[in-house]
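Structural description and commentary
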Amino acid sequence: MARLQGVVLAALVAASCGLVSVQRQVTRLAAARGVASRFDVAHEAMTMRVVKVGVIGAGRIGLVHLEALSGCQDAQCVIISNPTVSKAEAAAKLYNVPEFTGDANDVIEHPDVEAVWICSPSSFHAEQIMKCAAVGKSVFCEKPIATDLPETIEAINVCNEAGIKLMTALQRRFDPNFARVKQGIVSGEVGEPIVVKLCSRDPSPPPFEYVKGGGGIFKDMAVHDLDMSRFLMGSEPIEILASGSCHIDKAIKTLPGPEAYDTANIIVRYSGGREAIIDVCRQAPYGYDQRAEVLGTKAMIQTDNMYPNTARIYAKEYTGNADLPYDFFMSRYKEAYKQETIAFVDALVNDKPSPCTGEDGLIALIMAIAAGKSAEEGRWVKFSEVADAVQCDENGCMVVDLGVKPTSTKSDDWIRRAIANLGRSRTRVAK
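Summary of the structure given here. None of the values given here were measured: they were computed from a predicted structure.

Calculation notes
Residues numbered from 1 in each chain as written. Predicted model: local features only at pLDDT ≥ 70, side-chain atom pairs only at ≥ 80, totals over all residues. Heavy atoms only, no water. Helix = DSSP H or I, 4+ residues; strand = E, 2+ residues; numbered from the N terminus. Buried < 20%, exposed > 50% of the residue type's maximum accessible area, 1.4 Å probe, protein only. Contact = heavy atoms within 4.5 Å. Areas by Shrake-Rupley, 256 points an atom, 1.4 Å probe, with all protein chains shown as cover. Expected span 1.5 Å × (residues − 1). Pairing = 2+ DSSP bridges. Axes fitted to C-alpha atoms, helices over the stretch in contact; angles between N-to-C directions. Salt bridge = Lys/Arg side-chain N within 4 Å of Asp/Glu carboxyl O. Core = buried A, V, L, I, M, F, W, Y, C linked by side-chain atoms within 4.5 Å. Phe/Tyr/Trp six-rings, centres within 6.5 Å; stacked < 30°, edge-to-face > 60°.

**Brief notes about the overall build of the protein**
Scanning the protein for helices and strands turns up 16 helices and 17 strands. Relative to its full complement of 431 residues, the protein shows a buried share of 50%. Sequence-distant contacts, at least 24 apart, represent 69% of the contacts inside the protein between residues at least 6 apart. Summed over its atoms, the accessible surface of the protein is roughly 19,500 Å², and 53% of this surface lies on carbon and sulfur atoms.

**Quick look at helix 14 (residues 358-377)**
Helix length check: helix 14 (20 residues) gives 29 Å between terminal C-alpha atoms against 28 Å at 1.5 Å per residue, within 8%. Within helix 14, 17 of the 20 residues are buried, which leaves the element mostly enclosed by the surrounding structure. The positive-phi residue at the C-terminal boundary of helix 14 is Gly378, with phi of around 65 degrees.

**Re the sheet that holds strand 9 (residues 263-270)**
Judged by pairing direction, the sheet is mixed, and its 7 strands sit side by side in the order 12-11-7-10-9-8-15 without closing on themselves. At either margin of the open sheet sits one strand with a lone partner, and together these are strand 12 (300-302) and strand 15 (381-382). As defined by bridge partners, strand 8 (residues 237-245) adjoins strand 15 across 2 bridges and the pair is classed as antiparallel. Its bridge partner lying in strand 15, Ile240 is registered against Val381. Sheet contacts for helix 9 (residues 176-186): strand 7 (193-201), strand 11 (289-296) and strand 12; angle to strand 11, the most-contacted strand, approximately 5 degrees.

**Digging into the pattern of salt bridges**
Any two side chains of opposite charge can pair, on the condition that their charged atoms come close. With the rule as written, the count across this model stands at 23 salt bridges. Lys334 is the partner of Glu67 in a salt bridge, and the nearest nitrogen-oxygen pair spans 3.5 Å. Of this pair, Glu67 sits in helix 4 (residues 60-70) while Lys334 is found in helix 13 (residues 334-349), placing the two residues 267 residues apart along the sequence. Each of the salt bridges in this network shares a partner with another, and the network as a whole consists of Arg173, Asp227, Arg230, Glu236 and Asp360.

**Some words on unusual backbone geometry**
A cis geometry characterises the amide bond from Lys143 onward to Pro144, with omega recorded as 0 degrees. If you trace the backbone, Pro144 turns up in the loop between strand 5 (138-142) and helix 8 (149-162). Its identity as a non-glycine residue notwithstanding, Asn96 has a phi of 55 degrees, on the positive side. With respect to the helices and strands, Asn96 occurs in the loop between helix 5 (85-94) and strand 3 (99-101). The exposure class of Asn96 is exposed, given its relative accessible area of 68%. The backbone phi angle of Asp351 is positive, close to 50 degrees, even though this residue is not glycine.

**Digging into the nonpolar core**
In terms of nonpolar packing, the biggest core is built from 108 residues, with Trp117, Phe218 and Val268 touching the most fellow members. Looking at this core element by element, the count peaks at 11 residues for helix 14. Ignoring any residue separated from it by four or fewer positions in sequence, one finds Phe218 in contact with Val223, Leu226, Ala242, Ser243, Pro258, Tyr261, Ala264, Ile266, Ala368, Ala371, Gly372 and Ala375.

**Structural notes on the environment of Val280**
Here Val280 shows up in strand 10 (residues 275-281). A sequence separation of 80 residues divides Val280 from Ser200, and the C-alpha atoms of the two residues are 4.8 Å apart. The contact partners of Val280, leaving out residues within four places of it in the chain, are Ser200, Ile217, Met221, Ala222, Asp225, Asp262, Thr263 and Ala264.

**Concerning the packing of aromatic side chains**
As enumerated under the stated definition, the model contains 7 aromatic pairs in all. Centroid distance Trp117 to Phe140: 4.9 Å. Interplanar angle 10 degrees. Geometry classified as stacked. Separated by 23 residues along the polypeptide, Trp117 in strand 4 (residues 115-118) and Phe140 in strand 5 bring together distant segments of the chain. You'll find Trp117 and Phe140 in the same group, each marked buried. Between Phe218 and Tyr261, the ring centres sit 6.2 Å apart and the planes meet at 75 degrees, which makes this aromatic pair edge-to-face.

In structure tokens, the structure reads:
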């Protein structure tokens, strides 16, 4: 028995560096050490299967997810699509994907595909999610689930009725730095959170055509920070105050609403008067600035930026890091993309709940819409004003009035009503 326990312990240690099938490791080590064959047979039956997936989109974010999948031993990408088929072909060759196509439906309907990674432009997400649900395929979807609230609710509802898993890819939750902050809160090391501060600044502004029609700085950029504030606080938000301005690319000032902002400041109020303070800007000349700080009742915990190396220079003119922080989100969040992939594959293999649900994506979108409303109207906006504006029945969902008065002052009632909409909307599976 002691020898058997030693084998199991060795397997667990070996598994700690990634999502390794513990049973597979136990079987291998047991065989090497001569443990009884019936032990091998029992654990062979428990060996983790490999999930076969398909990827829609061979653009920048699609390649990020392909790389993450290639490093996950319990998943295999078997097909990738892109409207420009040459991009799909190049990606397939680079990551040893056996099939490529120009049609996303080929991925969704592929007989070997169990789950689909949706990395297409945002306007296609909801339709592709519903098509996946129609054929029983689980979905990993880049944010947003959809470009508006009614379509978001319907897409989530279709997945719930089909019994498939839907993951919203809010990757910062899986970043080791932010995860360590969360760990400090959950473990009690920091105590109860009092103030959360988040800073998110891009190295340079995106092109005008990217900003135009992209939903604005709150939906496109700050949505990650809004979700992170909720993730770290560990409770549901009540109201929000936001402001926006333009300082970098004056060309975008001609665009409507929050699309005209390249800089924004946000305060999110939680129960008990606790607040999250967020600042976002589309340009930081010194690199990709992504920091978090939580002041708790016992301690304060904060993260620093990520650098390509740890080298520092000590000279007469300057003392500090030898190089600037990472200047690209794919470099900064490379490990986060890997870890979110591992987490969702683990959920598929072991039938666990999705680690970041469709409902999480819905709440983040409501927060972003409320931020835009606050910036436009110059006042505190309760999230219930946005959540209650969506009415669902057997015919579907629609926004009836964004000026409705909140019907409850309880912090979490609006969340319950938003989720309740999922059960009231008519599922509309795309053909």
